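Structure at a glance
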Amino acid sequence: MDAKARNCLLQHREALEKDIKTSYIMDHMISDGFLTISEEEKVRNEPTQQQRAAMLIKMILKKDNDSYISFYNALLHEGYKDLAALLHDGIPVVSSSSGKDSVSGITSYVRTVLCEGGVPQRPVVFVTRKKLVNAIQQKLSKLKGEPGWVTIHGMAGCGKSVLAAEAVRDHSLLEDCFPGGVHWVSVGKQDKSGLLMKLQNLCTRLDQDESFSQRLPLNIEEAKDRLRILMLRKHPRSLLILDDVWDSWVLKAFDNQCQILLTTRDKSVTDSVMGPKYVVPVESSLGKEKGLEILSLFVNMKKADLPEQAHSIIKECKGSPLVVSLIGALLRDFPNRWEYYLKQLQNKQFKRIRKSSSYDYEALDEAMSISVEMLREDIKYYYTDLSILQKDVKVPTKVLCILWDMETEEVEDILQEFVNKSLLFCDRKGKSFRYYLHDLQVDFLTEKNCSQLQDLHKKIITQFQRYHQPHTLSLDQEDCMYWYNFLAYHMASAKMHKELCALMFSLDWIKAKTELVGPAHLIHEFVEYRHILDEKDCAVSENFQEFLSLNGHLLGRQPFPNIVQLGLCEPETSEVYQQAKLQAKQEVDNGMLYLEWINKKNITNLSRLVVCPHTDAVYHACFSEDGQRIASCGADKTLQVFKAETGEKLLEIKAHEDEVLCCAFSTDDRFIATCSVDKKVKIWNSVTGELVHTYDEHSEQVNCCHFTNSSHHLLLATGSSDCFLKLWDLNQKECRNTMFGHTNSVNHCRFSPDDKLLASCSSDGTLKLWDVTSANERKSFNVKQFFLNSEDPQEDMEVIVKCCLWFADGARIMVAAKNKIFLWNIDSCSKVADCRGHLSWVHGVKFSPDGSSFLTSSDDQTIRLWETKKVCKNSAIMLKQEVDVVFQENEVMVLAVDHIRRLQLINGKTGQIDYLTEAQVSCCCLSPHLQYIAFGDENGTIKILELVNNRIFQSRIRHKKTVWHIQFTADEKTLISSSDDSAIQVWNWQLEEYVFLQAHQETVKDFRLLKNSRLLSWSFDGTVKVWNIITGKIEKDFVCHQGTVLSCDISHDATKFSSTSADKTAKIWNVSNGELLHLCAPLSEEGAATHGGWVTDLCFSPDGKMLISAGGYIKWWNVVTGESSQTFYTNGTNLKKIHVSPDFKTYVTVDNLGILYILQTLE
């Protein structure tokens, strides 16, 4: 503000403060754009009229000359002519170049904030659109420091980005509303890997001192959490600007309690996010005067001096900001061609690219054609090459260097010509430039050069092959992400089917791409190009897609698993296995360790897809009625919707204030119902994610919900921990019926196929059928009787039926309990089949509309898609984990107990099974020469069975508690056992002599026989002891861990021993002095243990150089370096013991799913 104006205002300040009423004066100043809503609120908060006037004048004194004039005019309009007269002498002279919208109107504070936040500078040619800028600022002020969304929407080229940048060039707005700063992100159309890179870059910007983390987030969910913490703690009350948002799913990554301004062409993108929302629409046309102003600035002329053709040009191009800028850029270089460009626009007949499009294609085509024709002849064909680029994809300079076989500087010179003509855009952030076309420009080029597209795509592939091998791309190459994302696209577009199949059917490519971007994009490509891949070999295509689908939860983890070892677990007929075998053999020659699963032929993979969309337990998943989508919910309080074929996420909604326990699609797929621990039932639009209804009548958490199968009269059933079921009509606000009868929580409910009955299951152990019309109970089943053949003791069994599901014929029902799924015939009450695969409680099961598959959701954070036919035909034997193994020459003999308590002897190489006897077995073992077997039970009794004549010998002295481990000595005359009673019993069963080893203070976890009548034992008391089994005395006593010692082993030279503990660590010790040599299982950065759980068993190799450990999976370690040599991921988890052959080449274990693994070192 001029000194004269400021002095005048100060001189008459007292009179102004005494007389004026601020309300109407502020209305005028807000309308003029010189006072913000937040400033108005600040004035209104003052207690008295005089204090409000004082605050307003204080603000005006900090503003510019235009604000003084606006205040003066407001006084006149509101009848304060005497006060206005006092200020008349101070009115400043305002030139056209010194107003608020000029550079001089921006304070150094604003420049600093915007520069640090990456906000783009004003275009060289800039005209103000004050009304729109004020509207945006007012919406931003309404956020009042609280999380919310302000959306600027309009068609492409209407200036949304410029308006967003201009709106934050306001000192008061930044100071009052966003003191934490402004952060600009150019979003564009992204896939998930591209969005992850955007989020990683933003987190890096916000955490430049790396005070929160030195590692980039590895996935979108982690990046979202990191962003939330950074915005909350390091940048509170800051504004995040998301420029050019295309998809609603992208916004979910930023839906974390931030204040967000976004630009988009789609007004509905914010429908799926929570919080206050404000919208500012931007018209597609600048209007005649603004259009003329842009042209005048381009050609450096006054508007009044523009030729008549300028008016006609604005009329012909319909005032589109983008088109006016394109024409203006041409006129800047050739200012005498007004008539020429006007004729070009008037005479050329351009057909629409998309008739249904809302874009102004005619005007853009005209301007584009003129712009391209004006390029130099020697670079014009380079622009044609850009026809192969996808919309909103920023291409690194290196990609175009490869395409054109040029040096970087040469390529940048050519591209700068395109940029200067507004034919290309350049992102100059980062280490290298990245170039991109506007989507309208892409459409124009695609249409114009449609006959050349195949050859252009072939050209880029040919050039790529000259410079790169696909699987050798590395992150330090600036173009690697482009090739990983678009190489297959270019091959398919070039109709290079042979090359595409070679790429997609390459384990090297699968490994390289999944390690960098995860499996989801690859699965999408297999679906996208299935018609091409199936031409080569349909079976091979299915092999690779199934491999990715079933191992996706492993391929997305860190550290990245060895993909060759995963491939070796595939069926031997699979192309994945054959490539993995070939690679493994080559790497084995260089010292790498690989394992063959030699008995995998006996294993049937019942799952078709495994996805991990949630960050916590998944409580329910269901199909849409058309089978194309899957909805899921869980402990992370969200509702997720994704594609059933690929697992690609479509919606993510923060649905409730507490855990979401169930979700259901309506029959017409319009709605999704959710229910929660917060006692509420909500109905959502399944496409937009908009909340439609909220019901709140249950008095406890709502556990289940289900819609009727007919859409004619849509009803929703819900069941709650208040023991009640309720029926809801979506056209009514209150519950229609309440059903009484269960005596404990209602866990699940399902309508019968004809909607006449409602089935419900409960923690009271019953399954009930209800009449939907009358709401009366029709039938009740006591489900506990169906589980009496389970391995759990009957008296300890608590049957909680988690869920039930009708078959289409209404005669069968599926029931889930614990980690098993059972199929039952309702009439005969007979079990049809069961399947296992989840690692923890199964919470929900749901059939696809055609019944060919069904979904299960679990505490293990995964959703599994099963094939019904495979499950119904499945009769696999599930083994208990207490097994013993004897290795004899080339034979592997396994003694095991199955889930129906049959003791059996299995030939590991041939798979032959000999059933021995039925027994209540807690542990078992084989004698070294296969003459005897021994087994212990929960009563402490130990028995020996002579295999030749089936004679049984029983110990005279029993253990006091359950026997957990038994083992024969080498001469088969003595049997050693350990129990919960803390004692170790040495029983010479032929002489009936006993020695008791008693010194452990808690349960003996296990023991191992050593040479020279020595025995190593370990216990829950954290100690490891060495005994003489003849004298019963302790020879060495080690305190190794603070918690339970789970397993130990001693090296063959007796110089080292290893121990594992419930603290999830494995340690290697010096036997002579007890010194710790290595810690093999340190915690990773995320806090997840290296073994995926407790380390339960260990074994040294004969040469003492290698160690094998079992836990959540199996790991092999280099004892010298302490580094992992290989990891084998079992289908299940919680491995109890690993049996190792004397030559350390064969390994046997059983997981918690009852699957037997016989692994052999690949040679």
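Residues numbered from 1 in each chain as written. Predicted model: local features only at pLDDT ≥ 70, side-chain atom pairs only at ≥ 80, totals over all residues. Heavy atoms only, no water.

A look at the overall build of the protein chain
For the protein chain, the count of helices and strands is 32 helices and 60 strands. Counting over 1163 residues, the protein chain shows a buried share of 57%. Nonlocal contacts in the protein chain, meaning residues at least 24 apart in sequence, comprise 53% of its contacts between residues at least 6 apart. Of the accessible surface of the protein chain, which amounts to about 49,700 Å², a share of 47% is contributed by carbon and sulfur atoms. (Helix = DSSP H or I, 4+ residues; strand = E, 2+ residues; numbered from the N terminus. Buried < 20%, exposed > 50% of the residue type's maximum accessible area, 1.4 Å probe, protein only. Contact = heavy atoms within 4.5 Å. Areas by Shrake-Rupley, 256 points an atom, 1.4 Å probe, with all protein chains shown as cover.)

Thoughts on the UniProt feature "repeat: WD" (unreviewed entry) in the protein chain
On the UniProt side, "repeat: WD" (unreviewed entry) is annotated at positions that read residues 611–652, 653–694, 695–738, 739–780, 835–867, 956–988, 997–1037 and 1038–1079 here. The distance from the first to the last C-alpha atom of residues 956–988 is 11 Å, and the span holds 0% helix and 52% strand. (UniProt positions renumbered as here; feature names shortened; annotations may be inferred.)

Re a negative patch on the surface
Taken together, the side chains of Glu 407, Glu 409, Glu 410 and Asp 413 define an acidic patch exposed on the protein surface. Looking at the element boundaries, Glu 410 is found in helix 22 (residues 408–420). For Glu 410, a relative accessible area of 43% puts it in the partly exposed group. (Patch = residues over 30% accessible without salt bridge, like charges linked within 9 Å, V, L, I, M, F, W, Y side chains within 5 Å. Salt bridge = Lys/Arg side-chain N within 4 Å of Asp/Glu carboxyl O. Lys, Arg positive; Asp, Glu negative; His and termini not counted. Charge placed at Lys NZ, Arg CZ, Asp CG, Glu CD.)

Observations concerning the side chain of Glu 17
Topologically, Glu 17 is positioned in helix 2 (residues 13–19). In this structure Glu 17 comes out as buried when scored by relative accessible area, which is 14%. Once residues within four sequence positions are removed from consideration, Glu 17 is found in contact with Gln 50, Ala 53, Ala 54 and Ile 57.

Here we look at unusual backbone geometry
Of note, the phi angle at Lys 637 is positive, near 70°, even though the residue is not glycine. Among the secondary structure elements, Lys 637 is positioned in the loop between strand 12 (629–634) and strand 13 (638–643). In the Ramachandran plot, Glu 992 falls in the positive-phi region, its phi being about 55° despite a non-glycine side chain. As for its placement among the helices and strands, Glu 992 is situated in the loop between strand 44 (984–988) and strand 45 (993–997).

Brief notes about the state of the cysteines
Across all of its chains, the model carries zero disulfides by this definition. Cys 663 provides the cysteine sulfur closest to Cys 633, a residue in no disulfide bond, and the two sulfurs are 3.8 Å apart. Residue class for Cys 633 comes out buried when judged on its relative accessible area of 0%. (Disulfide = S-S within 2.5 Å.)

Focus on the sheet that holds strand 19 (residues 702–707)
Here four strands make up an open sheet; going across it, the order is 19-20-21-22 and the pairing antiparallel. Since the sheet does not close on itself, it has two edges, and those belong to strand 19 and strand 22 (735–739), each with one partner. Ignoring which end each strand starts from, the neighbouring axes of this sheet average 20° apart. With four bridges joining them, strand 21 (residues 725–729) and strand 22 adopt antiparallel strand pairing. By the bridge assignment for strand 22, Leu 727 is matched with Asn 737. (Pairing = 2+ DSSP bridges. Axes fitted to C-alpha atoms, helices over the stretch in contact; angles between N-to-C directions.)

What about the pairing of strand 1 (residues 148–153)?
The element strand 1 is largely enclosed, with a buried count of six among its six residues. The alternating pattern of strand 1 places Gly 148, Val 150 and Ile 152 and Trp 149, Thr 151 and His 153 on opposite faces, both of which are buried. Where strand 1 and strand 4 (residues 259–264) come together, six bridges link them in parallel fashion. From the neighbouring strand, Trp 149 faces strand 4, where its bridge partner is Ile 260.

Comments concerning the nonpolar core
Within the largest apolar cluster, 84 residues are counted, with the highest numbers of intra-cluster contacts made by Leu 386, Trp 404 and Phe 418. Per element, the largest residue contribution to this core is 11 residues, and it comes from helix 25 (residues 480–493). If we ignore the near neighbours within four places in the chain, the residues touching Phe 418 are Leu 375, Ile 379, Tyr 382, Tyr 383, Leu 386, Trp 404, Leu 423 and Leu 424. (Core = buried A, V, L, I, M, F, W, Y, C linked by side-chain atoms within 4.5 Å.)

Quick word on the pairing of strand 12
For a regular strand, side chains alternate in direction, first toward one face of the sheet and then toward the other. With six of its six residues buried, strand 12 lies for the most part within the structure. The side-chain alternation of strand 12 yields two buried faces, one formed by Arg 629, Ala 631 and Cys 633 and the other by Ile 630, Ser 632 and Gly 634. Relative to strand 12, strand 11 (residues 618–623) is paired through five bridges, and the arrangement is antiparallel. What sits directly across from Val 618, in strand 12, is Gly 634. What sits between the antiparallel neighbours strand 11 and strand 12 is a turn of five residues, in which Gly 627 has the positive phi angle 75°. Alignment of strand 12 against strand 13, held across five bridges, turns out to be antiparallel. In the strand pairing of strand 13, Arg 629 is matched with Lys 643.

Let's talk about the sheet that holds strand 43 (residues 974–979)
Strand-to-strand pairing in sheets goes through backbone hydrogen bonds, with the strands running parallel or antiparallel. The sheet built from four strands is open, its strands ordered 42-43-44-45 with antiparallel pairing. Looking along the sheet, the strands with just one partner apiece sit at the ends: strand 42 (963–968) and strand 45. Mean inter-strand twist for the sheet, computed between neighbouring axes without regard to direction, equals 20°. Judged from the five bridges that link them, strand 44 and strand 45 form a sheet pairing that is antiparallel. Its bridge partner being in strand 45, Ile 984 is matched across the sheet by Leu 997.

A few points about the pattern of salt bridges
Pairing between side chains becomes possible if they bear opposite charge and their charged atoms approach one another. Applying the stated criterion to the full structure yields 33 salt bridges. For Asp 378, the salt bridge goes to Arg 376, with nearest N and O atoms at 3.0 Å. Note that Glu 596 is salt-bridged to Lys 581, the shortest N-O span being 3.0 Å. Note that Glu 596 is positioned in strand 9 (residues 595–597) and Lys 581 in helix 31 (residues 575–588), a separation of 15 residues in sequence.

Some words on the packing of helix 28 (residues 520–528) against helix 29 (residues 530–555)
Their axes nearest at 9 Å, the elements helix 28 and helix 29 cross at an angle of 150°. Classified by the angle their axes make, helix 28 and helix 29 are roughly antiparallel. By crossing handedness, the relation of helix 28 to helix 29 is classed as left-handed. For the pair formed by helix 28 and helix 29, the contact residues are Leu 522, Ile 523, Phe 526, Val 527 and Glu 528 on the first element and Arg 530, His 531, Leu 533, Ser 541, Phe 544, Gln 545, Leu 548 and Ser 549 on the second. Considered class by class, the residues forming the contact of helix 28 with helix 29 number seven nonpolar, four polar and two charged. (Parallel < 35°, antiparallel > 145°, perpendicular 65-115°, else oblique. Left-handed = near helix turned anticlockwise from the far one by under 90°. Nonpolar A, V, L, I, M, F, W, Y, C, P; charged D, E, K, R; others polar.)

Focus on the packing of aromatic side chains
Inspection of the entire model under this criterion finds 24 aromatic pairs. Here the aromatic rings of Phe 464 and Trp 483 are separated by 4.7 Å at their centres, their planes lie at 50°, and the arrangement is tilted. Of the two residues, Phe 464 is situated in helix 24 (residues 453–467) and Trp 483 in helix 25; the sequence distance between them amounts to 19 residues. We note that Phe 464, like Trp 483, is buried. Between Phe 1128 and Tyr 1157, the ring centres sit 6.0 Å apart and the planes meet at 75°, which makes this aromatic pair edge-to-face. Of this pair, Phe 1128 sits in strand 57 (residues 1124–1128) while Tyr 1157 sits in strand 60 (residues 1156–1161); the two residues are 29 residues apart in sequence, bridging distant segments of the chain. Here Phe 1128 matches Tyr 1157 in class, with each residue buried. (Phe/Tyr/Trp six-rings, centres within 6.5 Å; stacked < 30°, edge-to-face > 60°.)

Examining the environment of Phe 665
Residue position: Phe 665 is located in strand 15 (residues 660–665). Using a relative accessible area of 5% as the deciding quantity, one classes Phe 665 as buried. With 43 residues separating them along the chain, Phe 665 and Thr 708 place their C-alpha atoms 10.0 Å apart. Leaving out residues up to four positions away in the same chain, Phe 665 has contacts with Cys 622, Phe 623, Ser 624, Arg 629, Ile 630, Ala 631, Val 641, Phe 671, Ile 672, Ser 686 and Phe 707.

Topic: helix 10 (residues 160–167)
Judged by how many residues are buried, helix 10 sits mostly within the fold: six of eight residues are covered. Listed as buried for helix 10 are Lys 160, Leu 163, Ala 164, Ala 165, Glu 166 and Ala 167. Buried residues in helix 10 make contact with helix 9 (130–142), strand 1, helix 11 (171–177), strand 2 (182–188), strand 3 (239–245) and strand 4.

Here's the deal with the confidence of the model for the protein chain
Looking at the protein chain as a whole, the pLDDT averages 81, with 85% of positions reaching at least 70. Confidence, expressed as mean pLDDT per element, reaches its minimum in the protein chain at strand 30 (residues 830–835) with 49 and its maximum at strand 16 (residues 671–676) with 96. Contacts for the low-pLDDT stretch residues 348–363, under 50 throughout, to residues beyond four places or in other chains number 33 contacts. Of the regions scoring below 50 in pLDDT, residues 829–833 engages in 17 contacts with residues more than four places distant in sequence or in other chains. (pLDDT = per-residue confidence, 0-100.)

Regarding helix 7 (residues 81–88)
Within helix 7, burial applies to Leu 83, Ala 84 and Leu 87. All buried residues of helix 7 project into a common sector of 100° when viewed along the axis, lining one side. For helix 7, the exposed residues lying more than 90 degrees away from the buried face are Lys 81 and Asp 82. (Arc of directions from axis to C-beta.)

Brief notes about the side chain of His 959
With respect to the helices, strands and loops of the structure, His 959 is situated in the loop between strand 41 (952–954) and strand 42. A distance of 2.7 Å separates a polar atom in the side chain of His 959 from a polar atom in the side chain of Ser 977. Non-local contacts of His 959, meaning those with residues more than four positions away in its chain, are made with Asn 939, Gly 940, Ile 942, Ser 977, Ser 978, Ser 979, Asp 981, Ala 983 and Gln 985. (Polar contact = N/O pair within 3.5 Å; in protein donor to acceptor, adjacent residues only side chain to side chain.)

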